[in-house]
Amino acid sequence: MPLPDENRLVLVGGATGNQGSVVARELLANGFGVRALTRDPGKQAARELAALGAEVVVGDYDDPTSLRKAADGVYGVFSVHNFMSGVDVEIRHGKALAEAAKEVDVAHFVYSSAASANLETGIAFHDSKYEIEKHIQALGLPWTVLRPVFLMKNWHELTGPVLSGVLPWPLDPEKPLQQVAIEDIAAFTVLAFQDPDRWLGQAVDLAGDELTLPQVADTLGRVTGRPVRYVQVSWEDFFKVMAGATGLDIDENFVRLFRWFNDVGYEADIPALRAAHPRLLDLESFLRFDGWGEKEEAGAGTSHSHG
């Protein structure tokens, strides 16, 4: 049964981050009350959420008391964490929010993990998310786990090369890559909270499109109005480009991730997802929504974080 209107307050963790801010906005747009958890209520993103009607609360993942206070009285919690400060920190923070939710008897805990995190990929920032998943279940929380694949937003990292007509990646040109828009992670979060009977106890890989890299290049070209060709570059050259574009330390886990894209790949059931959410964005729809049709200059990079 759908959720009754009087129980629609959701605590959104990471509410000023990439995923959390989009989830908070989508919940507000669908009639939920939002309690936005942030360390810095003066942040622009926090002020914007407050202007939309969210209750902004201060919390620190290393302060369990603040987390319990933030979670007290809500129906649901949305939890997302990234590995940018290290996977040990990610795990500690993910467990802390789950434990706080359990202590105040939250009725529905939605955790944003990573697709195939349950498959022991050996990629540290996938394994960390599965450790958090297992902890949530062990606590006995009523849970839904959403596992997004590669984020479509990550194509921003290659804005410069794309606008010069080249998409440089190391994947086999025949290998498809599943991708998802953050907006659809938010949409499935809303669906989960709207219909807990359907979504409680479910772990679902999320993807909105599956394209080879030449198909991605064609799509980018179609949307930007200029030809883009896929160039398969060496792994070594690719990681040099990535380090420069993102400012990240490209360690062995990034290497494992991209080699895993090439050798294994994600396996989300896109037709089933589209049946549950008919407005699921394919890559072309996302790029148009995201303003790629108006791009004229190289943009700034973003990270591969699931956060």
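Above this text you will find the structure in question.
Rules and cut-offs
Residue numbering note: each chain is counted from 1, following its sequence as written. Since the coordinates come from a predicted model, pLDDT governs what is reported: local features require at least 70, and pairs of side-chain atoms require 80 or more to be given and counted, while whole-chain, interface and lining totals use all residues. Values shown for side chains rest on all heavy atoms present in the structure; no hydrogens or waters enter the calculation. Throughout this description, the term salt bridge denotes a Lys or Arg side-chain nitrogen within 4 Å of a carboxyl oxygen of Asp or Glu. Each helix is a run of DSSP H or I of at least 4 residues and each strand a run of E of at least 2, with the numbering of both proceeding from the N terminus. Each residue is assigned to one of three classes by its accessible area relative to the maximum for its type, calculated with a 1.4 Å probe on protein chains only: buried under 20%, partly exposed between the two thresholds, exposed over 50%. Pairing of aromatic side chains here covers Phe, Tyr and the six-membered ring of Trp, requires ring centres within 6.5 Å, and sorts the geometry by plane angle: under 30 degrees stacked, over 60 edge-to-face, intermediate tilted. We treat two strands as partners when DSSP finds at least two bridges between them. Whenever a helix is involved, its axis is fitted only over the stretch in contact; in every case the axis is a line through C-alpha atoms, and angles between N-to-C directions fall within 0 to 180 degrees.

**Thoughts on the pattern of salt bridges**
For step 1, the next point in the chain: What the rule picks out here adds up to 10 salt bridges.
For step 2, the next point in the chain: The partner of Arg 25 in a salt bridge is Glu 48, and the shortest N-O contact between them spans 2.9 Å. Of this pair, Arg 25 sits in helix H1 (residues 18-29) while Glu 48 sits in helix H2 (residues 44-51), and the two are 23 residues apart along the sequence.
For step 3, the next point in the chain: Arg 25 gets classed as partly exposed once you look at its relative accessible area, which sits at 36%.
For step 4, the next point in the chain: Residue Glu 48 is classed as partly exposed on the basis of its relative accessible area of 34%.
For step 5, the next point in the chain: The salt bridge partner of Glu 284 is Arg 288, with a shortest N-O separation of 2.9 Å. Here Glu 284 pairs with Arg 288, and both are found in helix H13 (residues 283-289), just 4 residues apart, close to one helical turn.
For step 6, the next point in the chain: By relative accessible area, which is 22% here, Glu 284 ends up partly exposed.
For step 7, the next point in the chain: Note on Arg 288: relative accessible area 45%, which makes it partly exposed.
For step 8, the next point in the chain: The network of salt bridges with shared partners includes Glu 133, Arg 147 and Asp 205.

**Digging into the packing of aromatic side chains**
For step 1, the next point in the chain: What the rule picks out here adds up to 15 aromatic pairs.
For step 2, the next point in the chain: An angle of 55 degrees between the planes, with centres 6.3 Å apart, marks the rings of Phe 32 and Phe 193 as tilted. Pair noted here: Phe 32 is in the loop between H1 and strand S2 (33-38) and Phe 193 is in helix H7 (residues 182-194), with a separation of 161 residues, a long-range link. Take Phe 32 and Phe 193: they sit in the same class, and that class is buried.
For step 3, the next point in the chain: With 4.2 Å between their ring centres and 15 degrees between their planes, Phe 83 and Phe 125 make a pair best called stacked. One end of the pair, Phe 83, is in the loop between strand S4 (76-80) and helix H4 (87-103); the other, Phe 125, is in helix H5 (residues 124-139), with 42 residues separating them in the sequence.
For step 4, the next point in the chain: Its relative accessible area of 10% is what places Phe 83 among the buried residues.

**Regarding the sheet that holds strand S6 (residues 143-148)**
For step 1, the next point in the chain: Taken in spatial order, the 7 strands make up an open sheet running S3-S2-S1-S4-S5-S6-S10, and their pairing is parallel. What marks the edges here is a single partner per strand, and that holds for strand S3 (55-58) and strand S10 (203-206). Across the sheet, the axes of successive neighbouring strands diverge by a mean angle of 20 degrees, strand direction being ignored.
For step 2, the next point in the chain: Sheet analysis places strand S5 (residues 108-112) next to S6, joined by 4 bridges and oriented parallel. Of the residues in S6, the one forming a bridge with Phe 109 is Trp 143.

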